[in-house]
Amino acid sequence: MRIIKTKTYEEMSAIAAGIIGGQVLLKPNCVLGLATGSSPIGAYKDLVKSYEDGILDFSEVRTVNLDEYCGLDDTNPNSYRYFMNHNFFDHINIDKYRTYVPNGLATDWKTECDNYDKLIRALGGIDLQLLGIGFNGHIGFNEPSDHFELETRRVALTESTMKANSRFFPNGGMPTHALTMGFKSILSAKKILLIAGPEKFDIVQKALKGPVTPEVPASILQLHDNVSVVYTADRDI
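An account of the accompanying structure is given in this report.

The rules behind these values
Residues numbered from 1 in each chain as written. Predicted model: local features only at pLDDT ≥ 70, side-chain atom pairs only at ≥ 80, totals over all residues. Heavy atoms only, no water. Pairing = 2+ DSSP bridges. Helix = DSSP H or I, 4+ residues; strand = E, 2+ residues; numbered from the N terminus. Contact = heavy atoms within 4.5 Å. Axes fitted to C-alpha atoms, helices over the stretch in contact; angles between N-to-C directions. Parallel < 35°, antiparallel > 145°, perpendicular 65-115°, else oblique. Left-handed = near helix turned anticlockwise from the far one by under 90°. Nonpolar A, V, L, I, M, F, W, Y, C, P; charged D, E, K, R; others polar. Salt bridge = Lys/Arg side-chain N within 4 Å of Asp/Glu carboxyl O. Buried < 20%, exposed > 50% of the residue type's maximum accessible area, 1.4 Å probe, protein only. Core = buried A, V, L, I, M, F, W, Y, C linked by side-chain atoms within 4.5 Å.

1. Notes on the sheet that holds strand 5 (residues 99-100)
Right, so step 1: With parallel pairing, 7 strands are arranged side by side in an open sheet as 1-10-9-6-2-3-5. Strand pairing shows two members of the sheet lacking a second neighbour, strand 1 (2-6) and strand 5, which therefore form its edges.
Right, so step 2: Against the sheet, helix 4 (residues 109-122) engages strand 3 (62-65) and strand 5, with an angle of about 150° to strand 3.

This is the structure:
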């Protein structure tokens, strides 16, 4: 595991963008596993700039996102499909038909989730998976549990996650469920990149240095042989 400490969010974002951009240069038709939230926005902006500067070409890239809220369509500003379009896809030369996000409006959750796992396998798996981390250690919406869930599935969001994300829903309507990629697809990625700001220092340290336990979902990353962690803090993990 490679652990990189940075002093600022901008530095963290630049390093993360460099790692992702390097993957695109190395394999132009790579499969990127992407994440949402505040942590990756800076990296996406840096990647957009690299595209605008003629350094990166996303025309052959395929993407799969970790998760999506149930009940939100792609026109809802709080949906993760909208987030990806607004912060990244709309600004690069990617074919949006090759960008995949779970369908939060699906009426048959199990079929949607099973098909998402089949899609990832059909793409040949994920070359590089970008991850953020929740205050309770969740990655994607894989919440703390008594066991590690392997498959993509519909999950009930924990109270702590809904509280943390409710700031994005000032008028109410915070979803109670989401579709999330499971650990099997995440851990099958050839490379994993975890990014975290200073407010996540304690949980990142617990995930990377504590026991591997489903009570801290991100701790399972200790079992992967190619993980890079880029974090912002004034302390060493």
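Here the narrative resumes, following the displayed structure.
2. Details of the sheet that holds strand 4 (residues 67-69)
Right, so step 1: What the 3 strands build is an open sheet, ordered 4-8-7; its pairing is antiparallel. The open sheet terminates on both sides in strands that have one partner only, identified here as strand 4 and strand 7 (153-156). Looking at each pair of strands side by side, their axes are set apart by 25° on average, direction ignored.
Right, so step 2: Of the strand pairs in this sheet, strand 7 and strand 8 (residues 177-180) are connected by 4 bridges, and their pairing is antiparallel. Paired with alanine 156 across the bridge in strand 8 is histidine 177.

3. Details of the packing of helix 1 (residues 9-26) against helix 2 (residues 41-52)
Right, so step 1: Between helix 1 and helix 2, whose axes approach to 8 Å, the crossing angle comes to 55°. The pairing of helix 1 with helix 2 is recorded here as oblique in orientation. As helix 1 packs across helix 2, the resulting crossing turns out to be right-handed. From helix 1, Tyr9, Ser13, Ala14, Ala16, Ala17, Ile20 and Gly21 reach across to helix 2, where they touch Ile41, Gly42, Ala43, Asp46 and Leu47.
Right, so step 2: Across the contact of helix 1 with helix 2, the residue classes tally to 8 nonpolar, 3 polar and 1 charged.

4. Comments concerning the side chain of asparagine 165
Right, so step 1: Mapped onto the fold, asparagine 165 is located in helix 5 (residues 159-165).
Right, so step 2: Non-local contacts of asparagine 165, meaning those with residues more than four positions away in its chain, are made with Tyr69, Tyr80, Phe141 and Met174.

5. Let's talk about the pattern of salt bridges
Right, so step 1: Inspection of the entire model under this criterion finds 9 salt bridges.
Right, so step 2: We note a salt bridge from lysine 27 to aspartate 127, for which the minimum N-O separation is 3.1 Å. Placement of lysine 27 in the loop between helix 1 and strand 2 (31-34) and of aspartate 127 in the loop between helix 4 and strand 6 (128-131) is noted, with a sequence separation of 100 residues between them.
Right, so step 3: Assessed through its relative accessible area of 3%, aspartate 127 is described here as buried.
Right, so step 4: Between arginine 153 and glutamate 149 there is a salt bridge whose closest N-O contact spans 4.0 Å.
Right, so step 5: The class of arginine 153 is buried, set by a relative accessible area of 16%.
Right, so step 6: Overall, glutamate 149 belongs to the partly exposed group, its relative accessible area being 29%.
Right, so step 7: Ionic contacts of the salt-bridge type, sharing partners, join the residues Lys27, Asp127 and Lys190 into one network.

6. Quick word on the packing of helix 2 against helix 3 (residues 80-87)
Right, so step 1: At a minimum axis separation of 10 Å, helix 2 and helix 3 run at an interaxial angle of 40°. Classified by the angle between their axes, helix 2 and helix 3 sit oblique to one another. Two secondary-structure elements touch here, helix 2 through Ile41, Tyr44 and Val48 and helix 3 through Phe83, Met84 and Asn87.
Right, so step 2: Split by residue class, the contact of helix 2 with helix 3 holds 5 nonpolar, 1 polar and no charged.

7. Observations concerning the nonpolar core
Looking at soluble globular proteins, one finds that nonpolar side chains tend to be buried together.
Right, so step 1: By size, the foremost hydrophobic cluster in this structure holds 60 residues, and its most contacted members are Phe58, Val64 and Phe88.
Right, so step 2: Not counting chain neighbours up to four residues away, the residues in contact with valine 64 comprise Val31, Leu32, Gly33, Leu34, Tyr100, Tyr116, Leu119, Ile120, Leu123, Ile126 and Met181.
Right, so step 3: Core analysis: the next-biggest nonpolar cluster, separate from the first, contains 9 residues, Tyr69, Tyr80, Phe169 and Met174 among them.

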